[in-house]
Amino acid sequence: MMDVGRHPKVRVLTYSEVENVAGTVGNFRVKVRKKARYVHEDLCTSCAECAKVCPVVVPDEYQIGLSSRKAIYIPFPQAVPSAYLINADNCLGNNPIACGKCLDVCDKKCIDFDMHDEILELEVGAIVVATGMDVYDPTEIKEYGYRRYPNVITSMEFERLICAGGPTDGHFVRPSDMQRPKRIGFVQCVGSRSTQYGSPYCSNICCMNTVKDTLLLVDHYPDTESKVFYLDIRAFGKGFEDLYIRSKAAGVRYIRGIPGEIREDPATHALTIAVENTLTGELESHELDMVVLSVGVKPRSDSGAIQRLLTLSRTGDGFFMEAHPKLKPVDAPSRGIFFAGCSESPKDIKDSVTQAGAAASHAQILLNAGKITLDAVTPVIIEELCKKCGMCAAVCPFHAINWKKGEVAEVVEAACAGCGNCAAECPFDAITMTHFTDEQLKAQVNAVLTDNPRDKLVTFACNWCSYAGGDTAGTARLQFPTHGRLIRTMCSARVSEDLVLYAFEKGAPMVLVSGCHFADCHYINANRSTVTRVERLWDKLEKLGIRPERLQLEWISAAEGQKFAEVMRALDEPRTQVTAEEIAHTAKVLGEERRKTEARQAKAREAATRKKVTASEASS
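Residues numbered from 1 in each chain as written. Predicted model: local features only at pLDDT ≥ 70, side-chain atom pairs only at ≥ 80, totals over all residues. Heavy atoms only, no water.

Asker: Even after reading the chapter, I still don't get the pattern of salt bridges, so can you show me in this structure?
Answerer: Pairing between side chains becomes possible if they bear opposite charge and their charged atoms approach one another. All chains considered together, the criterion is met by 30 salt bridges. Residue E41 is joined to K34 by a salt bridge in which the shortest nitrogen-to-oxygen separation is 3.5 Å. Judged by relative accessible area, E41 falls into the partly exposed class, the value being 33%. Given the relative accessible area of 18%, K34 is considered buried. Linking D572 and R575 is a salt bridge whose minimum nitrogen-to-oxygen distance equals 2.9 Å. Placement of both D572 and R575 in helix 16 (residues 572-576) is noted, with a separation of three residues, approximately one turn of the helix. Taking relative accessible area as the criterion, D572 reaches 24% and is therefore assigned partly exposed. Sharing partners across several salt bridges, the network here consists of E19, R33 and D117. (Salt bridge = Lys/Arg side-chain N within 4 Å of Asp/Glu carboxyl O. Buried < 20%, exposed > 50% of the residue type's maximum accessible area, 1.4 Å probe, protein only. Helix = DSSP H or I, 4+ residues; strand = E, 2+ residues; numbered from the N terminus.)

Asker: Explain the packing of aromatic side chains to me, please; I cannot follow it from the model alone.
Answerer: Think of a pair of aromatic rings as described by two things: how far the centres are apart, and how the planes are tilted against each other in angle. For the structure on display, the rule yields 11 aromatic pairs. Here F480 and F564 contribute two aromatic rings whose centre-to-centre distance is 5.6 Å and whose plane-to-plane angle is 85 degrees, an arrangement assigned as edge-to-face. Of this pair, F480 sits in the loop between helix 12 (466-475) and strand 25 (484-489) while F564 is found in helix 15 (residues 561-570), placing the two residues 84 residues apart along the sequence. With a relative accessible area of 5%, F564 lands in the buried category. For the cation-ring pair, K442 lies above Y502, with the distance from its terminal atom to the ring centre recorded as 5.1 Å. (Phe/Tyr/Trp six-rings, centres within 6.5 Å; stacked < 30°, edge-to-face > 60°. Lys NZ or Arg CZ within 6 Å of the ring centre and 35° of its normal.)

Structure, rendered in structure tokens:
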């Protein structure tokens, strides 16, 4: 970090916060609030005289609360810049009666209580999101006694206690009596792989972090007895299995089983763990001096604000979603934004560095190109048909449509990702896509239903998930009925009400709309519009006397080939129950409804033409 701080082409804005991001790829406008430090960083020599006289003592966040700091402090060793700052929430103020001691002892006179926050306006071409992650707080797991028992600590607190720069200068001691523990237990998967506490996913780093910690104890204190209680040891990286074997060879005992309870002896603060060893099938009890909870990781608490600032997608677990897990693993769905580190998923240092290098490379390629190449999937506004209602701008997840009341909407192509939600939402057919047009999609419907329509299930499948899920089912050679006919769309939100009704009018016994899982949309939240649209269609079908069950909505991911096959099998029976008479009745009802709609539209166009002619004659 110090090398970065000295680099002539890198500008580091510490103690700052991004407040707003506007613009598009190649032309982002970023508003940054540089918070007041109340210390001029270019004058401060880090002499620490100010901290010595500061009377305020608060827990040190860097040391996980295991030691204290003053109101004026350096956040952590080797911080950039190497200068003190004053936390205004802790400081008593510069009233001479209240305090002002730091100001009196500063020889350089670099402390300025009149300093204000500074707003910076930056113009950048690309953005890298490297916001990191948070760790799980195990306080809610009452049976482990964290915060009730002083000798139950987290893996993060263990790191600070054994670190030479930690609160005990590297002397590993128990918090209860400051004596060195000789019997230590490590409990894995705390806040990970659980549907009750924390998160259901594996946090990736916990197993090898514990293996490393046990080896540290062996190196520093060879007489320490370490026990690891685990579900599975996931040593999947290069050299990881060797470290695991080294740990076991050094005498660390690995017990397959997660403790159900930790109890404390109030007199000695010793801990007793009860656990079922799933390898032996026996219930065991272990006496320990200290227990280390290997806590999992979770998305940052402010990731929702970052998502809104940058128009990003998030997966169901709360981490940011990449454009494609294999082909674009560091690209965000919004062009010009890239991911690095644990903002995208839990990962260790090596993987974080690898992804950071990839993100920097992608950003450099983009900036060096000088031009932006767009996919031919963006919408086009037909000005003559636009009624200036703004419905398209309201549903655009990327804010790629500019609209003002009384004006024709305008598409910002650089910001558009081509989901097609706007085209499906427009009630006046004033938006056409440059690809996946209504004509193209209806032509595919016609091709599907030309021969034996009763034997077909018309399926509108999202490009990124459900369509790929069909591919997964096929390549896995899963067995399922072949009645499904997939029509690919970029997003399930591209499927308009008119398109579904057109399929029914042409003789489809059933229609399936499928897309990404509700919380995993590659277009931020476009599939919310899918739900709204399908619900409106169910109501409309029911009013027209058509069974709503003939329209189905399913969420299928690219990896869920098995679910795709199950859906195809599940819809086979209701498809066969749709009679020819029911299909004919549906076509007749929808045909009459379509003709009524076309007549109303023609009448409205004629009225608009007459109004225009009248206005033209009046002006002349």
